[in-house]
Amino acid sequence: MKDVTDISSYDSTNLVFYVNGKRVEEKDVDPKMTLATYLRDKLKLTGTKIGCNEGGCGACTIMISHVENGEIKHFSANSCLMPVCGVFGKAVTTVEGIGSVAKNRLHPVQERLAKAHGSQCGFCTPGFVMAMYALLRNNPNPSVKDINLGLQGNLCRCTGYRPILEAFYSFAVDESGTLKVSEENGCGMGENCCKLKKQETPGYTGGDRKRKIQLSDLSDCKPYDPTQELIFPPELKLHGFETKSFAYDHHHTKWYQPVEYGDLLSLKRDLPHARLISGNSELAIELKFRFIDLPAVINPRQVRELHARHLEDLGVYMGTGMSLTDMDDYAVQLIKELPKEKTGVLRHVHEMLHWFAGIHVRNVASVAGNIATASPISDLNPIWMASNAQVVLDSDARGEKRVHIDEKFFLGYRKTVIQQDEIIKAVVVPLTGENEHFAAYKQAQRREDDIAIVTGAFLVKLNPKTLIVENIRISYGGMAPTTKLALNTMEKLKGEKWSQEFLDKTLGLLSEELKLPAGVPGGMSQYRLSLALSFFFKFFLEVSKKLNLTEIQFVDCDVKIGQDVPETLYATQLYQEVSASQAAHDPLGRPIKHVSGDKHTTGEAVYCDDINVADCLHIALVLSPIAHGTLNSIDYTAAMMLDGVIGYLDAQDVTTGAQMGHHSDTPVFVKEKITFHGQPVAAIVATDHELARKAASLVKLDYSVEKPIVTIKQALEAESFVFKHFVIHSSLNDNKQVIKNDWSKYERIVEGSIDMGGQEHFYLETQQCIVIPHEDDELEIIISNQCVNDVQIEVAKCLGMAQHKIQTKVKRIGGGFGGKESTGAILAVPASLAAKKYGKPIKIKFERFDDMAITGTRHPFTLQYKLAVDENGKFIDLDFTALSNSGHTIDLSMGVMQRAMVHADNVYKFANADITGKMCKTHLASNTAFRGFGGPQGMFGTEIMVKHVAEKFGWDHDEIRERNFYQESDCTPFGMHLNQCNVTRTWEECKESSDYCRRLEEVKKFNQENKFRKRGIYLTPTRFGIGFGLKQLNQAGALVLVYTDGSVLVSHGGMEMGQGLHTKILQIAARCLDISIEKVHIHDTSTDKVPNASATAASVGSDMNGLAVQDACRQIMERLAPFKKLNPDGKWEDWVKAAYVERVSLSASGFGIIHHEPVDFFNGKGAELFGYSVYGTACCEVEVDCLTGDHHLLRTDIVMDVGESLNPAIDIGQIEGAFIQGYGLFTMEEIKIRPDGIRLTRGPGNYKIPSADDAPRHFNVSLLGNSSNKMGIFSSKAIGEPPLFLGSCAFFAIREAVRAYRIQNGHTDYFAFHSPSTPERIRMACEDFVTSHVPALPEEGSYTPWTSSV
Ligand SMILES: Cc1cc2nc3c(=O)[nH]c(=O)nc-3n(C[C@H](O)[C@H](O)[C@H](O)COP(=O)(O)OP(=O)(O)OC[C@H]3O[C@@H](n4cnc5c(N)ncnc54)[C@H](O)[C@@H]3O)c2cc1C
Ligand code: FES
Ligand code: FES
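Residues numbered from 1 in each chain as written. Chains lettered and ligands numbered in written order. Predicted model: local features only at pLDDT ≥ 70, side-chain atom pairs only at ≥ 80, totals over all residues. Heavy atoms only, no water.

The name recorded for the protein chain in an unreviewed UniProt entry is xanthine dehydrogenase, from Caenorhabditis tropicalis. What UniProt states about the protein chain under its Subcellular location (unreviewed entry) heading is, verbatim, "Peroxisome". Per UniProt, the comment on the protein chain under Sequence similarities (unreviewed entry) is "Belongs to the xanthine dehydrogenase family." (UniProt positions renumbered as here; feature names shortened; annotations may be inferred.)

In structure tokens:
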């Protein structure tokens, strides 16, 4: 008998595959290593990025090509999920393989993406490029729908997606097969294309500065020519690698890849404990995060029998060797071929697969993996159960059998009846029979690429004459520890008549059978039950409609929310061109693309983790598994036994008393007291990253647990604060003493409280750092951070070194958004300690899973308010208290609170205002800076107040706003006079350009006509003060070096994190030196060039650093002036050379400060805090499915005042990106923390940022014309943070839609609607006959909820 476990009996025992046309033969690699790690670490192809290592971000997307049935097939995949052995005999294409800036050859995908300004930090960009590239390789003429599908699974945190979609839609063909972008028909903008229309729209401004309606025109890009692509490696085809068996033996793991079906069964017989690996999308997570042992793996994918598919009497037979994409394709083929009534189940399998993970996961994942995993929230298992599908199981011992996927199939949480020696060979999906109706529904936190909260699948067989239920099957995912059949309900419904009473009875039965305890794992007990009932109601209406049962209530109502994204992108970007008289070489004010844009698209842009340092060791942190307690001891024994582990560090290695943070209140490692879950306790030093992580997981901590303070409410009760309270009293602006008004005299008062959740930064590049020790005790630190200065100071302080021995530098970072402002020390200090201790370079990189636990988030806030208004709705008095959840240390909580307080007025004049800020100390990671820095939280409270007033007194909220808008020179409660105040201008312009008034009427009409779908439209204004809250931070330095060939090197204190700062600085330098931009270069940001630089934050990067560069350039120009005068016809190079010959210095350091006056937050006395404010207004329209809580952002219009834009492309990119980030904050991003302080949201799997599908397909951004800022460099305004709050406009539009539903159901009062407006919050606010079946929660305190509202 053949010994299938004998490795040498396989055709190949070496791993052979191709990467970018080059052969790779690997004899010594751990089969568990992911392809992403292999590409990056072994092949040094660092263009492929790692953002999450769990298949949830798409940064690692590559294309895999192989031979299938004699044909070459291409598919995209997440290389972080793909085991390296999984590509045996296949060809891999990475971003490096398709184009290169160095070789002056960009692929059309890369060229168009860069040209459309589709990258900012660039970290997600290679993934997007490869997703689009893989799509084109399979389908050179994709439709918009295909492109939308192709990008499922790719996240971008910077751009807001509009430019990416615009670039990629340019490859689309319309229904007639015509290319959307070509010389003839313009750029895909339809009739709005600048080429077809006119180059510009009529100006709102005078002079010669025209307004353009679109940033990029792709019509002159080179066409896509599929014949130019890399060929499939002939060796793989000629030598039939797809039919070769392959086995691999590496130390502890053996990989078996049989091709014969019999061998597969024999392997499972001889190695019953061996795991089958199909798509690895489930197993990869277990390997990465649970460190499971995997001595033997069997990959069955190339066994031909597993790819069998056919129609049989019982239904559709689908082999599990197929990927979910293959399965979907087959389902679609059958849907086309078979009579419609037979395809009920298949149609819903197809629909469900659209929402199942992203395309890159579906291209590899199998249905077998899904069934075997037996997740209670699987999207497919409810369909199998309701349709009574079967699985075909096979084993060598017992042969083939068919088993129904029913109530007996799933034995418990993630357990099935499948035996260890069995394989899942196929699923058999039933066709719907005569008079059978089938439907399935899913609701997730995010519409796309998100696992379900609840999935419901329903089958009913009705007697067509009597409407008697002959058979009914109701199945749910997300309602129990296993997929659940509602057996009791089903039993009682058989024989009943399909009628209105039937619905009532079913809802009653289901609510009884599916009731969830209040503290159920996964939480959301009421919402999950509401969803289960709503899904049935939808099914009931759909079937009734199909049967034309007019007597059924609501039968004519549409219960489907437009789930398909519209197939057009209507987006305009209105900006002012530079004056016609501006010199051609002067780049200022022009929409030039990001200076690294091309390199982002080719993967040639280098990030911290892309840097390889010889002889480098790696560290991984050991983290606290509890939120509060005492550490008794640490046992490193098991960790130290692993080969390659060098040592460890803990509190013993830190000088006594040395602590991190601006307030020196953050221990490097826990010494005794544990103060948050995820707190660093120790670090393991090892020869590679994965080994260090594994060893860290083996460290045993002995600790005692104490009750943590987690929420703001608990902190208030315990009087736990990080610092004393702050106050602002507007009365001190005109008086020496605080004037307290008599509130009993006011006739109209609203009083309330609203919660706003935090937000995870989710920069695509996690935090990373390399420390290299040099002679004389010097340390070179390369870090992904927004503040090189802070890192230098913290390392110097904790290691007792002088700052001049530490050089900290940053080339670029893959997004920061504030999350990399004050957190660098958490990596840099342990890494520096290790570098000193072991005398070797040290690298540390956070996995997303750890990054989200160790570093804090945007501060959650509770905002309490009492507002008095007069009979005209004018705001006469305000008492406002902002409470923040600061976490365990101060970090930046003081600054964040102060900014919240000085934005609590937003754009409104309050006759009197008393504002208080309290910073609660809790056992959470220290919450920190995040774009907006407290401003959005303050403004959110204000805007809620406005709604509350309007709803309580029955006023129009827009009129209330307009009556209270700040006017020119008005003074804020914190003592700042608003000059060049453009609140009203942006408001009016947005109102007009969005056609708000007409659309508001349309929305009202829509809401009258639709019972369960409601729309909301809303206008939201914003004001954002520019400058750091702390005086000394409002300064910047720069160094400008001119070389004898005329080339110029500029260094400044700001970091390039995607916001285009270096691009703007190059524009400023070129303008100041009067040379073309090509002559100017920026290397990196480093403490040895510019000392004491403030963090790149507070939106002032280009304001401050620009001023410093301007100052340095001015000095150089002054020194060159005599040489210009002597040689007026000469050029720049001549004057530079002449100056050099005459021994005139050609370098200058520049310095710049921006306006600041300190507010006295201890006594509440205001000041002219900021130099200026940025204003903007957004208009959003949404549609809400009131039965599920789903929503869809239909359209967004933004008018933003950026003064005279330094670069409209970058400014518009910032506006779009900030808006979508704000939209995520206010509508879907929810941090989940258990009552014991354990953080649940630690990756893209359970924390959802907006995806491309969420971006509005109608998205207009306009830069306010004729605005000039006398306080900003070249009359510009800062832009990074100000638009973020406009994302709340979508929240308020959702609230309007919910309100319309509530009013329809008789709930007319103001209702507190907390942020974010998750599907759960939306649905539970939409009180109706369904929610009336949901039992109320027991009294607070009588049970432990799954999560706490922090
Ligand atoms: C980013 C991401 C998004 C996801 N989204 C969704 C979602 O929306 N909905 C959803 O339901 N799931 C989702 N999942 C879960 C997962 O992708 C699916 O369960 C997938 O179908 C698993 O298939 P696989 O082939 O990758 O399994 P693998 O990881 O290869 O295997 C999983 C398990 O199945 C076993 N197995 C594999 N093949 C066989 C076989 N032929 N016979 C017996 N046992 C076998 C393995 O031994 C292993 O125990 C997601 C996963 C990721 C990473
Ligand atoms: S790194 Fe692979 S999907 Fe995020
Ligand atoms: S550009 Fe997409 S994440 Fe930064």
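Participant: Which residues make up the UniProt feature "binding site: [2Fe-2S] cluster 1" (unreviewed entry) in the protein chain, and what are the values?
Facilitator: Feature annotation in UniProt assigns "binding site: [2Fe-2S] cluster 1" (unreviewed entry) to the following positions: Cys 52, Cys 57, Cys 60 and Cys 80. The greatest C-alpha distance among the residues just named is 10.1 Å, despite their covering 29 residues of sequence, which places them together in space. Along the polypeptide, Cys 60 turns up in the loop between helix 1 (35-42) and strand 3 (61-68). Summarising the element assignment, Cys 80 is placed in the loop between strand 4 (71-78) and strand 5 (91-93). Apart from the residues within four sequence positions on either side, Cys 80 is in contact with Thr 34, Ala 36, Asn 53, Glu 54, Gly 55 and Cys 60. (Helix = DSSP H or I, 4+ residues; strand = E, 2+ residues; numbered from the N terminus. Contact = heavy atoms within 4.5 Å.)

Participant: Lay out the packing of aromatic side chains with the relevant residues and their values.
Facilitator: Applying the stated criterion to the full structure yields 51 aromatic pairs. Aromatic side chains Phe 502 and Phe 536 sit 6.5 Å apart centroid to centroid with 45° between the ring planes, which places their arrangement in the tilted category. One end of the pair, Phe 502, is in helix 15 (residues 500-514); the other, Phe 536, is in helix 16 (residues 525-546), with 34 residues separating them in the sequence. The class for Phe 502 is buried, based on a relative accessible area of 2%. (Phe/Tyr/Trp six-rings, centres within 6.5 Å; stacked < 30°, edge-to-face > 60°. Buried < 20%, exposed > 50% of the residue type's maximum accessible area, 1.4 Å probe, protein only.)

Participant: Provide a residue-level description of the UniProt feature "binding site: substrate" (unreviewed entry) in the protein chain, including the pertinent values.
Facilitator: The positions that UniProt labels "binding site: substrate" (unreviewed entry) are, in the present scheme, Glu 821, Arg 899 and Phe 933. With respect to the helices and strands, Glu 821 occurs in the loop between strand 37 (806-810) and helix 22 (824-838). The class for Glu 821 is buried, based on a relative accessible area of 9%. Excluding residues within four positions of it along the chain, Glu 821 makes contact with Asn 785, Gln 786, Cys 787, Asp 790, Leu 892, Ala 929, Ala 1095 and Ala 1097.

Participant: Go over the nonpolar core with me, naming the residues and quoting the values.
Facilitator: Counting 308 residues, the largest nonpolar core has Phe 168, Trp 384, Ile 474, Tyr 476, Trp 498, Phe 536 and Phe 940 as the members making the most contacts within it. With twelve residues, the top contributor of residues to this core is helix 16. Setting aside residues no more than four positions away along its own chain, Phe 168 makes contact with Val 109, Leu 113, Phe 128, Val 129, Met 132, Ile 147 and Leu 151. In this structure, Ala 658, Val 685, Ile 806 and Ala 831 belong to the second largest nonpolar core, which totals 43 residues. (Core = buried A, V, L, I, M, F, W, Y, C linked by side-chain atoms within 4.5 Å.)

Participant: An account of the site of ligand 1 is needed here, citing residue identities and associated values.
Facilitator: As a matter of local geometry, ligand 1 sits amid 29 residues, with Leu 276, Gly 279, Ser 281, Ser 366 and Asp 379 nearest to it. Interatomic distance of 2.9 Å between a backbone N/O atom of Ile 424 and a nitrogen atom of ligand 1. Surface burial for ligand 1 is 91%, taken as the share of its 980 Å² of free accessible area covered by protein chains. Listing elements by their share of the shell around ligand 1, those giving two or more residues are strand 11 (275-276), helix 12 (367-373) and strand 19 (423-429). Top contributing element to the shell around ligand 1 by residue count: helix 12, with five residues. Tallied by class, residues from the shell around ligand 1 come to twelve nonpolar, eleven polar and six charged. (Near = heavy atom within 4 Å. Polar contact = N/O pair within 3.5 Å; in protein donor to acceptor, adjacent residues only side chain to side chain. Areas by Shrake-Rupley, 256 points an atom, 1.4 Å probe, with all protein chains shown as cover. Nonpolar A, V, L, I, M, F, W, Y, C, P; charged D, E, K, R; others polar.)

Participant: Provide a residue-level description of the sheet that holds strand 40 (residues 875-887), including the pertinent values.
Facilitator: Overall, mixed pairing links the five strands, which are arranged 33-41-40-39-34 in an open sheet. Two strands close off the open sheet at either side, each with one partner strand: strand 33 (726-729) and strand 34 (748-756). Looking at each pair of strands side by side, their axes are set apart by 10° on average, direction ignored. Judged from the nine bridges that link them, strand 34 and strand 39 (residues 861-869) form a sheet pairing that is antiparallel. (Pairing = 2+ DSSP bridges. Axes fitted to C-alpha atoms, helices over the stretch in contact; angles between N-to-C directions.)

Participant: Any details on the state of the cysteines? Residues and values, ideally.
Facilitator: Applying the stated criterion across every chain, the model contains zero disulfides. Free cysteine Cys 787: the closest other cysteine sulfur is in Cys 769, separated by 14 Å. The buried category is assigned to Cys 787, whose relative accessible area is 2%. (Disulfide = S-S within 2.5 Å.)

Participant: Could you give me a rundown of the packing of helix 15 against helix 16, with the residues and numbers involved?
Facilitator: Helix 16 packs onto helix 15 with a crossing angle of 155° between their chain directions and a minimal axis gap of 10 Å. The angle between helix 15 and helix 16 places the two elements in the roughly antiparallel class. The chirality of how helix 15 crosses helix 16 is right-handed. Contacts between helix 15 and helix 16 involve Gln 500, Phe 502, Leu 503, Thr 506, Leu 507, Leu 510, Ser 511 and Leu 514 from the first element and Leu 529, Ala 532, Leu 533, Phe 536, Phe 537 and Phe 540 from the second. Across the contact of helix 15 with helix 16, the residue classes tally to eleven nonpolar, three polar and no charged. (Parallel < 35°, antiparallel > 145°, perpendicular 65-115°, else oblique. Left-handed = near helix turned anticlockwise from the far one by under 90°.)

Participant: Now, about the pattern of salt bridges: what can you tell me, with residues and values included?
Facilitator: One pass over the structure, following the stated rule, counts 78 salt bridges. One salt bridge connects Lys 254 with Asp 249, and the closest N-O pair in it is separated by 3.9 Å. Across the pair Lys 740 and Asp 914 runs a salt bridge, and its minimum N-O distance is 3.8 Å. Placement of Lys 740 in the loop between strand 33 and strand 34 and of Asp 914 in strand 41 (residues 913-921) is noted, with a sequence separation of 174 residues between them. Through salt bridges with shared partners, a single network forms among Asp 558, Arg 999, Arg 1013, Arg 1015, Glu 1181, Glu 1183, Arg 1195 and Asp 1197. (Salt bridge = Lys/Arg side-chain N within 4 Å of Asp/Glu carboxyl O.)

Participant: Can you explain the sheet that holds strand 37? Please cite residues and give values.
Facilitator: Taken together, the eight strands give an open sheet; going across it, the order is 27-31-25-38-35-36-37-46, and neighbouring strands pair in mixed fashion. Looking at which strands have only one partner, the edges of the open sheet turn out to be strand 27 (645-650) and strand 46 (1085-1086). Across three bridges, the pairing between strand 25 (residues 617-623) and strand 38 (residues 842-845) is parallel. In the strand pairing of strand 38, Ile 619 is matched with Ile 844. Seen against the sheet, helix 19 (residues 689-698) touches strand 25, strand 27, strand 31 (680-686) and strand 38 and runs at an angle of roughly 25° to strand 25.

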